[in-house]
Amino acid sequence: MNIDLEIFSPVHQIKDKLFDEQDLKVFIKRDDLIHPIISGNKWRKLKYLLKKAQAQNKTHLVTFGGAYSNHLLATAAAAAKFGFKSTGIVRGETIENDTLFLCRLHGMNLIFAARESYRDKPALFDKYFTNNDEAFFIAEGGTSPEAAKGCSELIDELTETYDHIFCACGTGTMAAGIINGLQNNSSLARLHAIPVLKNGGFIADEINKLLTSPANYQLHTDYHFGGYGKVNAELIAFIKRFIATTGILIDPVYTGKMFYAIYDLAAKKHFNPGSRILAIHSGGIWGLLGMKDKF
Ligand SMILES: *Cc1c(COP(=O)(O)O)cnc(C)c1O
């Protein structure tokens, strides 16, 4: 089977009084529209991994994530679509939630691993899949050079130029891929990465490991709202207003924090008048399901 999706990821402009006042043009690349479940950067990160699995005649994808992981869900759906079996090794005690329900619905077998044992993923893989020739190991979040390569392709799709490109970042793989893509295309756009975890400065090391050549970019480490999956009333109010005024769903874990950063930096006159800004909507709106009680 040919492992590919027809990429539908248009660029739309977002209108806001703030952007008009500052003479900014803000656009959004709709990677969230690539697929309802295998959305955003998760498809881009999986694409070359699935092709590699196929080339090695592996038929069973094994990967790792938290109980609300977009990566687990995307892997489950991609496995179903492209004819793989899938196992998700889930961090923590056995629980049930909407994300895991959707994983199971796509045929994923779930194994729960207490936090201690979860740390050593190769050991977990060996424990359950020693001598299993079908099994293909995919790192948590899909982090790999293949994943960065997949993400770099989103830059190849752009038909206009931008001064600034923004993305949310967890492991930094997408950010690295985008930077590589900008270099491949000799683009002068500057990448701004918004770590969604606390003390996100370490992500620079993770990004740099995946760069095909050294490059400048900017990390904004002050938009984590207390850490991964943490929110406050201001962020939630921002997300509600954004959704209600644009018709575009964003989530509190990733894209909500990135858009908050863009609006905040604009309000602080961080951008030169006339700047063109592109925000990557990296998908992940199912993350909203795990945060209903925050709204
Ligand atoms: C996983 C994810 C990210 C983070 O991507 P990294 O490559 O790990 O930095 C960003 N946005 C969304 C919606 C995600 O699901």
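Before going into details, it helps to say that this report is about the structure given with it. Worth saying up front: this structure is predicted, and the values here are computed from it rather than measured.

### Comments concerning the nonpolar core
- Ranked by internal contacts, the top residues of the largest apolar core, which has 34 residues, are Phe 19 and Phe 259.
- Going through the elements one at a time, α1 (17–21), β2 (25–29), β7 (164–169), α10 (233–246), α11 (255–267) and β10 (276–280) are the ones with two or more residues in this core.
- In this structure, Phe 259 is in contact with Ile 14, Ile 28, Phe 238, Phe 242, Ile 250 and Ala 279, ignoring residues within four places of it in sequence.
- Trp 43, Leu 46, Leu 61 and Phe 136 belong to the second largest nonpolar core, which has 30 residues in total.

### Thoughts on helix α7 (residues 145–156)
- With twelve residues, α7 should reach 16 Å at 1.5 Å per residue; the first-to-last C-alpha distance of 17 Å fits that figure.
- In terms of burial, α7 is a largely internal element, nine of the twelve residues being buried.
- Every buried residue of α7 is listed here: Glu 146, Ala 147, Ala 148, Gly 150, Cys 151, Ser 152, Glu 153, Leu 154 and Ile 155.
- Buried-residue contacts for α7 involve β2, α2 (41–55), β7, α8 (173–184), α9 (203–210) and β10.

### Regarding the pattern of salt bridges
- One pass over the full model with this rule turns up 18 salt bridges.
- When the shortest N-O distance is used, the salt bridge between Lys 47 and Asp 4 registers 3.8 Å. Remark: Asp 4 occurs in the segment before β1 (11–14) and Lys 47 occurs in helix α2; sequence separation between them is 43 residues.
- Looking at Asp 4, the relative accessible area reads 35%, which means it is partly exposed.
- Note that Lys 292 is salt-bridged to Asp 98, the shortest N-O span being 3.1 Å. With Lys 292 in the segment after β10 and Asp 98 in helix α4 (residues 98–105), the pair connects residues that are 194 residues apart, well separated along the chain.
- Looking at Asp 98, the relative accessible area reads 31%, which means it is partly exposed.

### Description of the site of the ligand
- In the vicinity of the ligand lie 14 residues, with Lys 42, Lys 45, Gly 170, Thr 171 and Ser 282 positioned nearest.
- Thr 171 places a polar side-chain atom, nitrogen or oxygen, 2.6 Å from an oxygen atom of the ligand.
- Protein burial of the ligand: of its 390 Å² of free accessible surface, 97% is covered by the chains.
- If you list the elements that add at least two residues to the shell around the ligand, you get α2 and α8.
- The biggest single contributor to the shell around the ligand is α2, with three residues.

Calculation notes
- Residues numbered from 1 in each chain as written.
- Predicted model: local features only at pLDDT ≥ 70, side-chain atom pairs only at ≥ 80, totals over all residues.
- Heavy atoms only, no water.
- Core = buried A, V, L, I, M, F, W, Y, C linked by side-chain atoms within 4.5 Å.
- Buried < 20%, exposed > 50% of the residue type's maximum accessible area, 1.4 Å probe, protein only.
- Helix = DSSP H or I, 4+ residues; strand = E, 2+ residues; numbered from the N terminus.
- Contact = heavy atoms within 4.5 Å.
- Expected span 1.5 Å × (residues − 1).
- Salt bridge = Lys/Arg side-chain N within 4 Å of Asp/Glu carboxyl O.
- Near = heavy atom within 4 Å.
- Polar contact = N/O pair within 3.5 Å; in protein donor to acceptor, adjacent residues only side chain to side chain.
- Areas by Shrake-Rupley, 256 points an atom, 1.4 Å probe, with all protein chains shown as cover.

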